[in-house]
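Listed below, chain by chain, are the residues.
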Amino acid sequence: MAAAVTQGIGATAALSSANSNKFQFTTRRSLSERKGSSIVIRSDGNPRAGLNQHSNSTRQLVTNAVSTKPESAAASTVSKPGHELLLFEALREGLEEEMDRDPHVCVIGEDVGHYGGSYKVTKGLADKYGDLRVLDTPIAENSFTGMAIGAAMTGLRPVVEGMNMGFLLLAFNQISNNCGMLHYTSGGQFKIPVVIRGPGGVGRQLGAEHSQRLESYFQSIPGIQMVACSTAYNAKGLMKAAIRSENPVILFEHVLLYNLKERIPDEEYVLNLEEAEMVRPGEHVTILTYSRMRYHVMQAAKTLVNKGYDPEVIDIRSLKPFDLYTIGNSVKKTHRVIIVEECMRTGGIGASLTASINENFHDYLDAPIVCLSSQDVPTPYAASLEEWTVVQPAQIVAAVEQLCQ
Amino acid sequence: MAQLTRRTTDLLKPFSAALSSTRLLTTTSTTPITVETSLPFTGHRIDPPSRTVETTPQELMSFFRDMALMRRMEIAADSLYKAKLIRGFCHLYDGQEAVAVGMEAAITKKDCIITAYRDHCIFIGRGGTLLQCFSELMGRKDGCSKGKGGSMHFYKKESGFYGGHGIVGAQVPLGCGLAFAQKYSKDENVTFAMYGDGAANQGQLFEALNMAALWDLPAILVCENNHYGMGTAEWRAAKSPSYYKRGDYVPGLKVDGMDAFAVKQACKFAKEHVLKNGPIILEMDTYRYHGHSMSDPGSTYRTRDEISGVRQERDPVERIRKLVLSHDLATEKELKDIEKEVRKEVDEAIAQAKESPMPDPSELFTNVYVKGYGVEAFGADRKELKAVLP
């Protein structure tokens, strides 16, 4: 399985940067918006009046939607080779850069401080920023999520870590009623710039309660944004974008993707939260996917290419709102859609996406949309059973073959 | 007696003019008056403050006026609800005004208050206008939340009023978050997180209290104990109805919530305490005359005698009225005039609020997201397909 995943990474590197050039934007506006008047005590005990480190604004911001291979013709990336790291280190890098940049950013979660994070995403941060900024909480998801939201109402930018996304079900009331709705019910008075992140998804025999996919439960909460990262490049970019966003963002990571190694640029980059990523352009069929299923799809794509098909693979990344522009352009080109997701079949992201595409692009479809999702069962412990709860590459190949008849 | 005073004032017009001018001086004067609270405070793991409270004539008169205003506003809201101009849920605060007014007297607008859904009077105390209040209740554009919040979602960010929350108990972790932010920015302000006796049994309250105590957050948890959680009396819901003791390791203070000066003293004491020592629980022993909300008659779980008994013996506005009269700061007539004036003010605000238009239909989709990194909330027709970038 691990070998398959790394092979998948090689396949993802082939892409075009044509779309991404259109979406250059600067973050200078957000720098000036964040001028606060509070004095913040840093971990070294010195009070700092004023917040912005204006030195950052002189750095060139690269806003490619996808990482480019060094030998590809993209002119947008400056020709530094970048550095190699694992996905959890990329998350940490993004988090650390944002914490350096803005003293209002703080981390709240279980075992994020002294322990360094159960998946090492926050390792070393408590030593650098102190115990108040990287806060170890007791096991009380409902109330520490509520606390983060209350702190966000005053202008802090907390990053809440759920040790496993499934635990955040305990905080559902706070996320749904307070996080999502306070901006609206207060008539715009309060902003909730909170980031809620954590690993979810089916792992390696972790059992039913630790293999939850919460994107389906959260997707109808109005007022929040949801993104799912899948590579080290987009993990760092999405983490930074989520922290800078004024809206509450839920960043879905995956337990099995933390050790993906990738080369990412040295210079600072922030990705667009609502944009999908074109992983592999093609002509015959559009395959929409996100998170870990991207790698299953790419593995299936290799088989499909050998069989003569030309699938277009899009990593939708933004789960709420959907990037209907990129998806729409793809549907208009290929006229066939397969959605491959890890969510449950009933009421999952795939179900909503199917409805959206049908509603908006019905005229362009030559065949009904095929949605491959996980089975509607609690994830069993036994390895063979667990394997068949999620979509496997062989099933993807079979579905494409049937669709493209 | 009233006739006598009238005749004397007629005869002594020149003198009465002089008298009234001296009285005017006293109502704005700041010469201290000492008042005793009705009951001594009871402390849990803490030495309670003294019963003697310093106040001034100006403060006494402002207490009377503010509480009369709040009382009048809630009764007007009652009639508006029965006239079907206010819909949904409407939770009225009359009887509990002393808590709102006493708390405001002890703190600044930089301190934060967060409460549950019985928030109309706290909003007024924090500086909200009657127009904003009634417009919001009637769902009009001029409301404090642009008509999109309703009775349970009043907010006023500039004066540190964080609402206005419908889910019982969920505001307490939010309040501890406000206190966390205050500690983070070291600005020497405190947060009052208010909840009721019904919410006191919520788990998230104890979780939040644990964290507040662990990190010494400047959070004051105020339990407005009106003895009924909707229809359930406190002795039927809580094994231990001494809510000020329920913090266990966190100190607590039991306060007579119908005495505005007791509330003021307790809040002042609490503010000084938490800035040094971490959280404290204040239990305000208070009472609501109306039912839980307008859909609850309020008499199926308590007797009318009980309600009228509290109204006769412990009414907060009456207590201030008696204090004013006994310190000779105003006559009966003047107090009645203030009440008439307040009534007129409320009626004018209601008339103005009725004129205010309903929110524009486009407001349905505003404020769902903050415009920032190019988020566009899709309308029902989903015509917008492309995310808008700044």
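Since the structure is predicted, the reported quantities are computational estimates derived from the model, not experimental observations.

1. Side note on the packing of helix α4 (residues 97-106) of chain B against helix α10 (residues 260-277) of chain B
Residue and element names in this part refer to chain B.
- Interaxial distance between α4 and α10 falls to 7 Å at its minimum, and their mutual angle equals 45 degrees. Comparing the axis directions of α4 and α10 gives the class oblique. The chirality of how α4 crosses α10 is right-handed. Along the contact surface, α4 presents A98, V99, G102, M103, A105 and A106, while α10 presents A260, V263, K264, C267 and K268.
- Of the residues that constitute the contact of α4 with α10, the class distribution is eight nonpolar, one polar and two charged.

2. Focus: the interface of chain A and chain B
- Tallying the contact residues gives 66 residues for chain A and 52 residues for chain B.
- In terms of surface lost to chain B, no three residues of chain A exceed M147, Y184 and Q189 of chain A, which account for 14% of the buried area on that side.
- In this assembly, chain A and chain B are joined by zero salt bridges.
- For the pair chain A and chain B, the number of links is 14 residue pairs in polar contact (both at pLDDT 80 or more).
- Among the elements that line the side of chain A that touches chain B, the one with the most residues is helix α5 (residues 141-154) of chain A, at eleven residues.
- Considered class by class, the residues forming the side of chain A that touches chain B number 30 nonpolar, 26 polar and ten charged.

3. What about the packing of aromatic side chains?
- If you walk through the whole model with that rule in mind, you get twelve aromatic pairs over all chains.
- Note on F190 of chain A and Y162 of chain B: the rings are 5.0 Å apart at their centroids and 25 degrees apart in plane angle, and the pair reads as stacked. Of the two residues, F190 of chain A is situated in the loop between α7 (182-185) and β7 (195-200) and Y162 of chain B in the loop between α6 (130-137) and α7 (171-184); the pairing between them involves two chains.
- Relative accessible area serves as the criterion here: at 6%, Y162 of chain B is assigned to the buried category.
- Among the aromatic residues, those joined into a ring-pair cluster are Y228, Y287, Y289 and Y301 of chain B.

4. Here we look at the nonpolar core
- Formed by 82 residues in total, the largest nonpolar core has its most connected members in F218 and I357 of chain A together with F180 of chain B.
- No other element matches the eight residues that α7 of chain B contributes to this core.
- Two domains share this core, each providing at least three of its residues, namely domain 1 (2-15 + 83-264) and domain 2 (20-81 + 274-403) of chain A.
- Among residues more than four places away in sequence, those in contact with F218 of chain A are L168, F172, I175, I224, M226, I250 and F252 of chain A.
- Grouped together as the second largest cluster of nonpolar side chains are 73 residues, I33, A77, M103 and I280 of chain B included.

5. Topic: helix α11 (residues 304-314) of chain B
Residue and element names in this part refer to chain B.
- Three or more residues of α11 are buried, namely I307, G309 and V310. Mapping the buried residues of α11 onto a view down its axis gives an arc of 160 degrees, with all of them on the same face. In α11, the exposed positions that point more than 90 degrees away from the buried face belong to R304, D305 and Q312.

6. Some words on the UniProt feature "domain: Dehydrogenase E1 component" (unreviewed entry) in chain B
- Under the local residue numbering, the UniProt record ascribes the feature "domain: Dehydrogenase E1 component" (unreviewed entry) to residues 65-361 of chain B.
- Here residues 65-361 of chain B is 46% helix and 10% strand, with 38 Å between the C-alpha atoms at its ends.

7. Describing the pattern of salt bridges
- Going through the model one piece at a time under the given rule, you end up with 41 salt bridges over all chains.
- The salt bridge involving E93 of chain A is made with K236 of chain A; its shortest N-O contact spans 2.8 Å. With E93 of chain A in helix α3 (residues 87-101) and K236 of chain A in helix α9 (residues 232-244), the pair connects residues that are 143 residues apart, well separated along the chain.
- R71 of chain B is the partner of D315 of chain B in a salt bridge, and the nearest nitrogen-oxygen pair spans 2.9 Å. Taken together, the residues D315 of chain B in the loop between α11 and α12 (316-326) and R71 of chain B in helix α3 (residues 57-82) connect sequence positions 244 residues apart. Of the two residues examined, D315 of chain B and R71 of chain B, each falls in the buried class.
- Connected through shared salt-bridge partners, E93, E97, E98, R101, K236, K240, R244 and E268 of chain A make up one network.

8. What about the packing of α3 of chain B against α4 of chain B?
Residue and element names in this part refer to chain B.
- Contact pair α3 / α4: the axes reach a minimum separation of 10 Å and the direction vectors enclose 140 degrees. When the axis of α3 is compared with that of α4, the two are oblique. Handedness of the α3/α4 crossing: right-handed. In this structure, α3 contributes E59, F63, D66, M67, M70 and R71 to the contact, and α4 contributes E97, A98, A100, V101, G102 and A105.
- For the contact of α3 with α4, the class distribution of residues is seven nonpolar, one polar and four charged.

9. A look at the confidence of the model for chain A
- The predicted model of chain A averages 83 in pLDDT, with 80% of residues at 70 or higher.
- Across residues 1-77 of chain A the pLDDT falls below 50, and counting only partners more than four positions away or on other chains, this stretch makes 131 contacts in the model.

10. Considering unusual backbone geometry
- The omega torsion of the bond from K320 of chain A to P321 of chain A falls at 0 degrees, within 30 degrees of zero and hence cis.
- A cis amide bond links G163 of chain B to the next residue, G164 of chain B, at an omega of 20 degrees.
- With respect to the helices and strands, G164 of chain B occurs in the loop between α6 and α7.
- At S291 of chain A, a residue that is not glycine, the phi angle is positive and equals roughly 55 degrees.
- Mapped onto the secondary structure, S291 of chain A falls in the loop between β12 (285-289) and α10 (293-306).
- Phi is positive for D328 of chain B, which is not a glycine, with a value near 60 degrees.
- Here D328 of chain B shows up in the loop between α12 and α13 (332-355).
- Given the relative accessible area of 53%, D328 of chain B is considered exposed.

11. Points about the pairing of strand β6 (residues 219-225) of chain B
Residue and element names in this part refer to chain B.
- Taken across its seven residues, β6 has seven buried, putting it largely inside the fold.
- Every second residue of β6 is oriented toward a common face, with A219, L221, C223 and N225 on one face and I220, V222 and E224 on the other, all of them buried.
- As paired strands, strand β5 (residues 191-196) and β6 are joined by six bridges and run parallel to one another. The partner of A193 across the bridge, within β6, is L221.
- Regarding the hand of the β-α-β motif, the stretch spanning β5, helix α8 (residues 203-214) and β6 is right-handed.
- The pairing of β6 with strand β10 (residues 280-285) spans six bridges and is classified as parallel. Each residue of the ladder has a partner; that of N225, found in β10, is D285.

Here is what the cut-offs are and how they apply
- Residues numbered from 1 in each chain as written.
- Chains lettered and ligands numbered in written order.
- Predicted model: local features only at pLDDT ≥ 70, side-chain atom pairs only at ≥ 80, totals over all residues.
- Heavy atoms only, no water.
- Axes fitted to C-alpha atoms, helices over the stretch in contact; angles between N-to-C directions.
- Helix = DSSP H or I, 4+ residues; strand = E, 2+ residues; numbered from the N terminus.
- Parallel < 35°, antiparallel > 145°, perpendicular 65-115°, else oblique.
- Left-handed = near helix turned anticlockwise from the far one by under 90°.
- Contact = heavy atoms within 4.5 Å.
- Nonpolar A, V, L, I, M, F, W, Y, C, P; charged D, E, K, R; others polar.
- Buried area = accessible area lost by both parts, 1.4 Å probe.
- Salt bridge = Lys/Arg side-chain N within 4 Å of Asp/Glu carboxyl O.
- Polar contact = N/O pair within 3.5 Å; in protein donor to acceptor, adjacent residues only side chain to side chain.
- Phe/Tyr/Trp six-rings, centres within 6.5 Å; stacked < 30°, edge-to-face > 60°.
- Buried < 20%, exposed > 50% of the residue type's maximum accessible area, 1.4 Å probe, protein only.
- Core = buried A, V, L, I, M, F, W, Y, C linked by side-chain atoms within 4.5 Å.
- Domains from an automatic or database assignment.
- Arc of directions from axis to C-beta.
- UniProt positions renumbered as here; feature names shortened; annotations may be inferred.
- pLDDT = per-residue confidence, 0-100.
- Pairing = 2+ DSSP bridges.
- Right-handed = clockwise from strand over helix to strand, strands pointing away.

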